[in-house]
Amino acid sequence: MYPLGWERELSRERMSEARAEAQERRLARMAAGPRLSLRARVARKLFEAAITLEREEAWRMVWDKLEAPKHS
């Protein structure tokens, strides 16, 4: 069995390495810029589609109003 002090030192080294790796991953994510989650990206695309459809529907209504007097 290993001496208790040696096990403690090994554990500290491993924890220190894990913290350093986690910090590197965190910094890499920050350097890559803000990235949206899949849910946020899907929500944003759905919102854009809804706005586009609303614009097209509004344009059709205006067009129908403009064309209505000609057909009467």
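Here's a quick rundown of the structure. (Residues numbered from 1 in each chain as written. Predicted model: local features only at pLDDT ≥ 70, side-chain atom pairs only at ≥ 80, totals over all residues. Heavy atoms only, no water.)

This next bit is on the overall build of the protein chain. Regarding its fold elements, the protein chain presents two helices and zero strands. Taken over C-alpha atoms, the radius of gyration comes to 30 Å for the protein chain, far larger than the 11 Å a tight globule of 72 residues would show. Taken over 72 residues, the protein chain has a buried fraction of 0%. Here the protein chain has roughly 7300 Å² of accessible surface; of this, 60% comes from carbon and sulfur atoms. (Helix = DSSP H or I, 4+ residues; strand = E, 2+ residues; numbered from the N terminus. Rg over C-alpha atoms; globule rule 2.2 N^0.38 Å. Buried < 20%, exposed > 50% of the residue type's maximum accessible area, 1.4 Å probe, protein only. Areas by Shrake-Rupley, 256 points an atom, 1.4 Å probe, with all protein chains shown as cover.)

The next subject is the environment of Glu57. Its place among the elements puts Glu57 in helix 2 (residues 38-71). Reaching out from Glu57, the side chain makes a polar contact with the side chain of Arg60 at a distance of 3.1 Å. (Polar contact = N/O pair within 3.5 Å; in protein donor to acceptor, adjacent residues only side chain to side chain.)

An ideal rise of 1.5 Å per residue puts 42 Å on 29 residues; helix 1 (residues 4-32) measures up with 42 Å between its terminal C-alpha atoms. Count one or two residues on from helix 1 and you reach Gly33, which has phi positive near 95 degrees. (Expected span 1.5 Å × (residues − 1).)

The next thing to look at is the pattern of salt bridges. All told, the structure shown has three salt bridges when counted by the stated rule. Notably, a salt bridge pairs Glu48 with Lys45, separated by 4.0 Å at the nearest N-O pair. You can see Glu48 and its partner Lys45 sitting in helix 2, three residues apart, about one turn around the helix. Residue Glu56 pairs with Arg60 through a salt bridge whose shortest N-O separation is 3.7 Å. Remark: Arg60 and Glu56 occur in helix 2; sequence separation between them is four residues, near one turn of the helix. The class for Glu56 is partly exposed, based on a relative accessible area of 38%. Under the relative-accessibility criterion, Arg60 is labelled partly exposed at 44%. (Salt bridge = Lys/Arg side-chain N within 4 Å of Asp/Glu carboxyl O.)

A surface patch of nonpolar side chains, amounting to about 450 Å² of accessible area, comprises Trp59, Val62, Trp63 and Leu66. Counting through the fold element by element, Trp63 comes out in helix 2. (Patch = residues over 30% accessible without salt bridge, like charges linked within 9 Å, V, L, I, M, F, W, Y side chains within 5 Å.)

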